Amino acid sequence: MEESLLIIYCSEGGRKALQKMSSEGFRLPSGVCTFELPCTGRINDVMLMETLQNGVRGIFVAGCREENCKYLDGNKRALRRIKRIKKLLSDAGIEGKHIEMQTFGPDEGKRLYSAINDFAGKVGVS
Amino acid sequence: MNDKKIVAVLCDHGCRNGSKIKYDELKTNLKKSEVIEDFLLVNKACDSGVEFLDAYKGRKILFGGCSLLEERGIYSKIKERLGLKNGEFRSFDVKADLYDLYPDKVNLEELLVCKILSMGTLLYHAEPYEEERIKPAEGILVYGDGITALRTARALAEEDISVEVLETGEQFLSPGLFSQHFGRPDQRGLSSVVSADERRKSERNRVAGFKNVRFLPSDAFLSFETVEDGFVFTFKSGEKRKFGTVVIAPEREEEQSRETGALNLTDLYGKIVCGEPLKGEVVFLLDYAADTSPEVFKDVLLAGKYIKRRFASEVRILMKNAKVSVSGAQELYDECREQGIIFFKYLEDLTLKNNYGDFEIEGTDLYTGDKFLIKEPDILVIPGRSILSPRSKNFAEALELLTISDRYPQPDSLWRLPNETNRPGVFVAYPTGDNSIASLLFSVRARLSTAGIAVNEHIPVVDEDKCVYCLTCVRVCPFKAMTTDSESRVAKVLRTVCQGCGSCAAECPAEAIQLRNLTGESLYQGIRALG
Amino acid sequence: MIVAEQKPIGEILKKLPEVEKLLVLGCDTCVTVCLAGGEKEVKVMCSAIRMADKKIGEVTGFSIERQCDREFFKEIEAVVKESDAILSLACGAGVQMLSDYFEGKLVIPGLNTHFIGSNEGAGYWLERCLGCGDCMLDITGGICPKTRCSKGLMNGPCGGSENGMCEIDPLNTECGWYLIYERLKKLNMLQNMMTNQPPRDWSRAHDGGPRKLLREDIQP
Ligand code: SF4
Ligand code: SF4
Ligand code: SF4
Ligand code: SF4
């Protein structure tokens, strides 16, 4: 897991964006693993921190667009949680850049692709 | 924890890699893990039948294939043949979730091992369970005594559905729950409803003619409690009634117009219903308070068309992001343009000034680049986020519907779930035309005729020993599915209401909540297995 | 309930000595409910410390029912013995109790204890009591002037009350005495506004060292 990057996506918008991405011919960088959750709202601090602590280089979370969560505000809560963890990490002297969440519409395959690549570049996984 | 191990099966027709997969290497790697018992490769699982799995009765099955297998019902066949319960079978779309995501040159075996181990770990930790359905209680309560409420009641009664109408009455529900929450009603807003009173009375007489409609007096109701299959209302007489379905039928929204002088759609609709002349310059300002949903945009087009035709008024529609994506909206839009309704697509620089009800709107049109200035229109309509009347919003809050800061029931998702609110079983009927009543009827009927509401797969389970009864879950659940339970003194989930999103589990400070078949532990391990 | 907030992790890290074994100890009562020091926070804190660039050998997390009751320390005696320092995620009372009980151990506070308050909604806590030792809520209709009035006036409001808000922060802070007035009006007890309240008896508040509450009926 050392040099790898984890993408956690929700089974709604995140999943659709990922499929759109592949159908448009974009491919994930190697060393990227994916993990699906029903809603990004399930992500919590403990899970993210323990994963980072286990040596993953970065976690990228892809959820639905803000106003579009099937569960009303799971994605917004996740966004806030991730902000909180980023702050915790940077306060602790570990760069907060290792974790990031963005929201995507089902048709935003290209944006997802470039977001993942930017993120991979930032945390140094290629 | 159950100790059934996993048999992983992969369809090797693998629309891309086919038999290039190195089976033996894969199998050895997989069998190193303690959760995988065996690994099989099949060719063309979509055609090969499911008998080959007979030897694996009593194991959990993880199946990786393409979407065809789901479509052709292969997965349900497998479940049936092997007698697998929920929580003993899982599938993943190996093409979409794996092959298609990576470039050709990657080490496919490695990725497959990760994927299978990760999914397998989740499956390994899953508890088998029987699907459970809870039937909603029978009664239907319509709250409101305006035309919308009455029409809703009539529409339901005509369908042979028994309805009870809890009339709000001229005055707000007196002592007890509501006034304690919301104080006294403001009398000012009520005067404007009066002109519709005649209409209302005749409609009421008509509705009262139905045998299956019962009217409950406005001050009859004391308190209520939510239960799994509905809402239990306690009436002053001491009677307790359970309703599985509640329809909040708001009449009009008074606050916004009182404050700003601008109308919202509901107000406008009220004026149309009451036959008030809408002459002069009528301006619709869309996307201003919030992006206008496609449904609302269609309503605006309908209203604009009606006003233009009926009163020959000057109708202008200012919009930014509104889309004609609802069926029929495009034709309507074209018709409106033909009739001479003027559309502006404005840029960010739009300003709206309000001098005590005299409005001034200034902005730039996106297409022409021209500046426009609209001074003192006779009627300004701003479809806001809020559609419910203050009374209904109070009621909604009492029913613990999710509300935004100004306490209106979840405006954002109303157009996605046209009538049902975040509380399954609670509907909102709008005074915006027959459309909404028809779809309301549809949903209510569907609700009544189902074999019951299925309990979500990922329902939270509260660990009674760990729960400190802090109520965090009660406060964060977007569906208000978590409640208090004074007997056990731990949080309790209303199983029909929960949608399994996991927000409660994520925020619980005592880690007392685990989602069924998606426990924290299995998630950590599932993620770890990716490594 | 006691309401506390986690110290910024940077500050905690600075305070932590470079020891071989560190114990992070949560408290399952007040600070769990106010989301500052429960089991989840302990886990997150442990992960954060492990990841931070700090020379600490081993970080263990644990959480007990209450850190302000001696009896609950029994179950962690062994763990504490093993560790060189404790980071306590309890309120000030808990931290002190902990360092009293395990005298030889260094205890570092992980929280800032704020006030006695109520939970007004998800993620919103409001101070409601100062613990003044001389409660007068009967006179003021159940709203504490010492706490809710920004100036702690006994006979308010002052001239800075406008539209129900306090002049120190007209956007966010309600005028306590306005609230009292409105409440008394509802209770038909407005005459209470007219009676002069004597200055408060500070001897019952934070005075002469820590206050003690002794109840002979319960004592052994
Ligand atoms: S959030 Fe957790 S501890 Fe708090 S009431 Fe809910 S289940 Fe109990
Ligand atoms: S899983 Fe989601 S919907 Fe269900 S109780 Fe928890 S927060 Fe509410
Ligand atoms: S130690 Fe502090 S936070 Fe913990 S129970 Fe006691 S008073 Fe509450
Ligand atoms: S009067 Fe004193 S004891 Fe009573 S609420 Fe106020 S601060 Fe607390």
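Above this note sits the structure.
First, a word on what this report is: a plain description of the structure on this page.

Definitions and cut-offs
Residues numbered from 1 in each chain as written. Chains lettered and ligands numbered in written order. Predicted model: local features only at pLDDT ≥ 70, side-chain atom pairs only at ≥ 80, totals over all residues. Heavy atoms only, no water. Near = heavy atom within 4 Å. Nonpolar A, V, L, I, M, F, W, Y, C, P; charged D, E, K, R; others polar. Helix = DSSP H or I, 4+ residues; strand = E, 2+ residues; numbered from the N terminus. Contact = heavy atoms within 4.5 Å. Buried area = accessible area lost by both parts, 1.4 Å probe. Salt bridge = Lys/Arg side-chain N within 4 Å of Asp/Glu carboxyl O. Polar contact = N/O pair within 3.5 Å; in protein donor to acceptor, adjacent residues only side chain to side chain.

Our next topic: the site of ligand 3. With respect to spatial proximity, the complete set of residues near ligand 3 consists of I2, C27, T29, C30, V31, R66, Q67, C68, A90, C91 and G94 of chain C. Among the residues forming the shell around ligand 3, the class breakdown is seven nonpolar, three polar and one charged.

With that settled, consider the site of ligand 1. Close to ligand 1 lie 13 residues; C467, C470, L471, C473 and C508 of chain B are nearest. Its residues assigned to classes, the shell around ligand 1 shows twelve nonpolar, one polar and no charged.

Here the focus is the environment of L263 of chain B. Relative to the helices and strands, L263 of chain B is located in the loop between α9 (255-260) and α10 (265-273). Expressed as a C-alpha distance, the spacing of L263 of chain B and P383 of chain B, which sit 120 residues apart in the sequence, is 7.7 Å.

The next point concerns the interface of chain C and chain B. Taken together, the twelve residues of chain C in the interface contact twelve residues of chain B. Taken together, both faces of the contact between chain C and chain B bury some 960 Å²; the carbon and sulfur share is 55%. E507 of chain B is the partner of K40 of chain C in a salt bridge, and the nearest nitrogen-oxygen pair spans 3.8 Å. Counting across the chain C and chain B interface gives six residue pairs in polar contact (both at pLDDT 80 or more). Contributions of two or more residues to the side of chain C that touches chain B are made by α2 (30-33), α3 (39-51) and β6 (111-121) of chain C. No other element matches α3 of chain C, which puts four residues into the side of chain C that touches chain B. Of the residues belonging to the side of chain C that touches chain B, the class tally is three nonpolar, four polar and five charged.

Moving on, we get to the interface of chain A and chain B. Across the boundary between the two partners, chain A contributes 43 residues, which contact 43 residues of chain B. A combined buried area of about 3300 Å² lies between chain A and chain B, and 57% of that area is made up of carbon and sulfur atoms. Ranking the residues of chain A by area buried against chain B places F35, R42 and L72 of chain A at the top, with a combined share of 21%. Inspection of the chain A/chain B interface yields four salt bridges. The shortest N-O distance in the salt bridge between R84 of chain A and E507 of chain B comes to 3.8 Å. Counting across the chain A and chain B interface gives seven residue pairs in polar contact (both at pLDDT 80 or more). If you list the elements that add at least two residues to the side of chain A that touches chain B, you get β1 (5-10), α1 (13-23), β2 (32-37), α2 (45-53) and α3 (74-91) of chain A. Counting residues per element, the side of chain A that touches chain B draws most heavily on β2 of chain A, which supplies six residues.

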